[in-house]
Amino acid sequence: MSGGIQDVRAEDITAIHTESGVRIKTAVGRGGYVKDIYVKRMTMHTMKWAFWITGNYGSHADSHYDPKALPEIKGINYRDMVADNVTMAARLEGISNDPFTGICIANVTINMAAKAKKQPWTCTDIEGITSGVTPHPCNSLPDQGAEKIKACDFPPEKLPIDMLELKTCTYSIKHV
């Protein structure tokens, strides 16, 4: 069984020529969790997927994994993002009978590439909401309307790392 990752906050990111802007991967047999992930103010240029979340990763460290161990994926939040030259807006594939829940995408504009897929979103076994997303997302992520554009906000409380104070050191050399 894997461990987990929780309370991740990422902001003010630029991704250029990557396979995906944001990628979360897991599989049956991994167990563990990925939850309370917040990404905002991201700019993406030239990629296959803006968002890729998969429960079908299929890679295990060895053959002794527990096929009944299911991962918990919930509380994935993306907001205030712009992407251009994208082949596919999203590939979101949860696990049958273990859907990924609490996916929230708001105020996101994805401009598709000239050779983009006809179906920009692929969604299976996921649940969530959207607000102000272009192109229109899949039915598993219903649009809540413009009044819910703040639905995916960062939590107001600070993490311990946010209170870290860095010391400034200076050093000078006298040149003769």
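Before reading further, recall that the structure is shown in the block above.
Residues numbered from 1 in each chain as written. Predicted model: local features only at pLDDT ≥ 70, side-chain atom pairs only at ≥ 80, totals over all residues. Heavy atoms only, no water.

Help me understand the overall build of the protein in this model?
On a plain count of helices and strands, the protein comes out with zero helices and six strands. Helices (α) and strands (β) of the protein occur, in sequence order from the N terminus, as β-β-β-β-β-β. The C-alpha extent of the protein, read off along each of the three principal axes, is 70 × 45 × 35 Å. Relative to its 176 residues, the protein shows a buried fraction of 40%. Sequence separation of 24 or more characterises 86% of the internal contacts of the protein that already satisfy a separation of 6 or more. Of the roughly 10,600 Å² that the protein leaves accessible, carbon and sulfur atoms contribute 50%. Side chains of the protein carry 20 positive and 20 negative charges; the gap between the two charge centres is 6 Å. (Helix = DSSP H or I, 4+ residues; strand = E, 2+ residues; numbered from the N terminus. Buried < 20%, exposed > 50% of the residue type's maximum accessible area, 1.4 Å probe, protein only. Contact = heavy atoms within 4.5 Å. Areas by Shrake-Rupley, 256 points an atom, 1.4 Å probe, with all protein chains shown as cover. Lys, Arg positive; Asp, Glu negative; His and termini not counted. Charge placed at Lys NZ, Arg CZ, Asp CG, Glu CD.)

Before we go on, may I ask you to explain a nonpolar patch on the surface in this structure?
Nonpolar side chains collect at one region of the surface, where I161, L164 and L166 lie side by side and expose about 370 Å² of accessible area between them. Along the chain, L166 falls in the segment after strand 6 (126-134). (Patch = residues over 30% accessible without salt bridge, like charges linked within 9 Å, V, L, I, M, F, W, Y side chains within 5 Å. Salt bridge = Lys/Arg side-chain N within 4 Å of Asp/Glu carboxyl O.)

Sorry if this is basic, but what is going on with the nonpolar core here?
Soluble globular proteins tend to pack their nonpolar side chains together in the buried interior. In this structure, F51, Y78 and W121 are the most contacted members of the largest nonpolar core, which totals 33 residues. For this core, the secondary-structure elements that each account for two or more residues are strand 1 (4-25), strand 2 (33-54), strand 3 (72-93), strand 4 (100-112), strand 5 (121-124) and strand 6. Excluding its chain neighbours within four sequence positions, the residues that come into contact with F51 are V22, Y78, M81, A89, A90, R91, L92, I105, V108, I110 and W121. (Core = buried A, V, L, I, M, F, W, Y, C linked by side-chain atoms within 4.5 Å.)

Quick question: what am I supposed to make of the state of the cysteines here?
Think of a disulfide as a covalent bridge from one cysteine sulfur atom to another cysteine sulfur atom. Within this structure, the stated rule accounts for two disulfides. One disulfide bridge connects C104 with C152, the sulfur atoms lying 2.0 Å from each other. Around the S-S axis, the bridge from C104 to C152 shows a dihedral of about -90° and counts as left-handed. Taken together, the residues span a long stretch of sequence, with C104 in strand 4 and C152 in the segment after strand 6 at a distance of 48 residues. For C104, a relative accessible area of 6% corresponds to the buried category. One disulfide bridge connects C123 with C138, the sulfur atoms lying 1.9 Å from each other. Across the S-S bond of C123 and C138 the torsion is about -80°, and the bridge reads as left-handed. Of this pair, C123 sits in strand 5 while C138 is found in the segment after strand 6, placing the two residues 15 residues apart along the sequence. Residue classification places C138 among the buried positions, given a relative accessible area of 14%. Taken N- to C-terminal, the disulfide-bonded cysteines of the protein are connected 1-4, 2-3. (Disulfide = S-S within 2.5 Å.)

I'm lost on the pairing of strand 2 in this one. Help?
In the case of a regular strand, side chains alternate between the two sheet surfaces. Note: strand 1 against strand 2, 17 bridges, orientation parallel. If you follow I13 over to strand 2, its bridge partner there is M42. (Pairing = 2+ DSSP bridges.)

Any chance you could explain the pattern of salt bridges here in plain terms?
Any two side chains of opposite charge can pair if their charged atoms end up close together. The tally for this structure, following the rule as stated, stands at ten salt bridges. Note that K35 is salt-bridged to E72, the shortest N-O span being 3.7 Å. With a gap of 37 residues between them, K35 in strand 2 and E72 in strand 3 connect regions that are remote in the sequence. K35 gets classed as buried once you look at its relative accessible area, which sits at 16%. What you see here is one network of salt bridges that share partners, running through E11, D12, K40 and R41.

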